[in-house]
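# Structural overview
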Amino acid sequence: ATATASATWAHGDIARSRGLPSASAGQNLAGSMIAGMMAGAMSRKRWAVRALVQDQHSAAVGRWVDTMILGLRLCPFAQPAAQRDGLKVVSSTGVTSDEVLEDLVTEAELLQAADGETATTLVVCPHVPEWQDFGGFHEFYA
């Protein structure tokens, strides 16, 4: 789950051309990957809205971010966001890649509407069976 979670950043600057914020130079690679995935999801009809929740998965990733990313100062963008409570970690309840894409689009729309309150959201995706193995996740975003 950690590899999946760390690779699925939905950053506040994603896909501006689709009505969502766009990635700028210097942002993480995963944020750019999400932009492409979200563009495809934007054209899909949403059948149901699942929850983006704070649960034991998002709590574990939040602790990992605090310890590794913030504690070791691995990302220059994370510290300022965390200091102003602009870093959010949530879990997708989606069980398929299409459901997760819909959740990512929903979260990106929330980020766009938040007027800077949240700068970055990390979406944890622990419920997609194919992603328990990193190879399955790699097929999703490649």
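Calculation rules
Residues numbered from 1 in each chain as written. Predicted model: local features only at pLDDT ≥ 70, side-chain atom pairs only at ≥ 80, totals over all residues. Heavy atoms only, no water. Helix = DSSP H or I, 4+ residues; strand = E, 2+ residues; numbered from the N terminus. Buried < 20%, exposed > 50% of the residue type's maximum accessible area, 1.4 Å probe, protein only. pLDDT = per-residue confidence, 0-100. Contact = heavy atoms within 4.5 Å. Core = buried A, V, L, I, M, F, W, Y, C linked by side-chain atoms within 4.5 Å. Phe/Tyr/Trp six-rings, centres within 6.5 Å; stacked < 30°, edge-to-face > 60°. Salt bridge = Lys/Arg side-chain N within 4 Å of Asp/Glu carboxyl O. Arc of directions from axis to C-beta. Polar contact = N/O pair within 3.5 Å; in protein donor to acceptor, adjacent residues only side chain to side chain.

### So, the environment of Asp-103
Along the polypeptide, Asp-103 turns up in helix α5 (residues 97-113). For Asp-103, a relative accessible area of 2% translates into the label buried. With 20 residues separating them in the primary sequence, Asp-103 and Val-123 have C-alpha atoms 8.6 Å apart.

### Observations concerning the confidence of the model for the protein
Residues with a pLDDT of 70 or more make up 65% of the protein, whose mean pLDDT is 73. The element-level mean pLDDT for the protein is lowest in strand β1 (residues 9-11), coming to 34, with helix α3 (residues 56-70) highest at 95. Across residues 1-48, where pLDDT falls below 50, the model places 95 contacts with residues more than four positions away in sequence or in other chains.

### Structural notes on the nonpolar core
One finds Val-90, Val-100, Leu-101, Leu-104, Val-123, Cys-125, Val-128, Trp-131, Phe-137 and Phe-140 forming the largest nonpolar core, which totals 10 residues. The biggest single contributor to this core is α5, with three residues. Beyond its immediate chain neighbours, meaning those up to four positions away, Val-100 contacts Ser-92, Gly-94, Cys-125, Val-128 and Trp-131. Counting eight residues, the second-largest nonpolar core is a separate cluster that includes Val-61, Val-65, Ala-78 and Val-124.

### Some points on unusual backbone geometry
Of note, the phi angle at Arg-73 is positive, near 55°, even though the residue is not glycine. Accessibility expressed as a relative area gives 65% for Arg-73, which makes it exposed. Non-glycine residue Asp-85 carries a positive phi angle of around 55°. Turning to its location among the elements, Asp-85 is positioned in the loop between α4 (78-83) and β3 (87-92). Judged by relative accessible area, which is 67%, Asp-85 ranks as exposed.

### Things to note about the packing of aromatic side chains
A complete count under the given rule lists six aromatic pairs for this structure. Seen from their ring centres, Phe-134 and Phe-137 are 5.8 Å apart, and the 55° between their planes marks the pair as tilted. With Phe-134 and Phe-137 both in helix α6 (residues 134-141) and three residues apart, this pair spans about one turn of that helix. For Phe-137, a relative accessible area of 0% translates into the label buried.

### With respect to the pattern of salt bridges
In the structure shown here, the tally under the stated rule is one salt bridge. Lys-88 is the partner of Glu-107 in a salt bridge, and the nearest nitrogen-oxygen pair spans 2.9 Å. One end of the pair, Glu-107, is in helix α5; the other, Lys-88, is in strand β3, and 19 residues separate them in sequence. Overall, the relative accessible area of 24% leaves Lys-88 in the partly exposed class.

### A short note on α6
Among the residues of α6, Gly-136, Phe-137 and Phe-140 are the ones counted as buried. Projected down its long axis, α6 carries its buried residues within an arc of 100°, all on one side. The residue sitting at the N-terminus of α6 and contributing the capping side-chain oxygen is Asp-133; that oxygen lies 2.8 Å from the backbone nitrogen of Gly-135.

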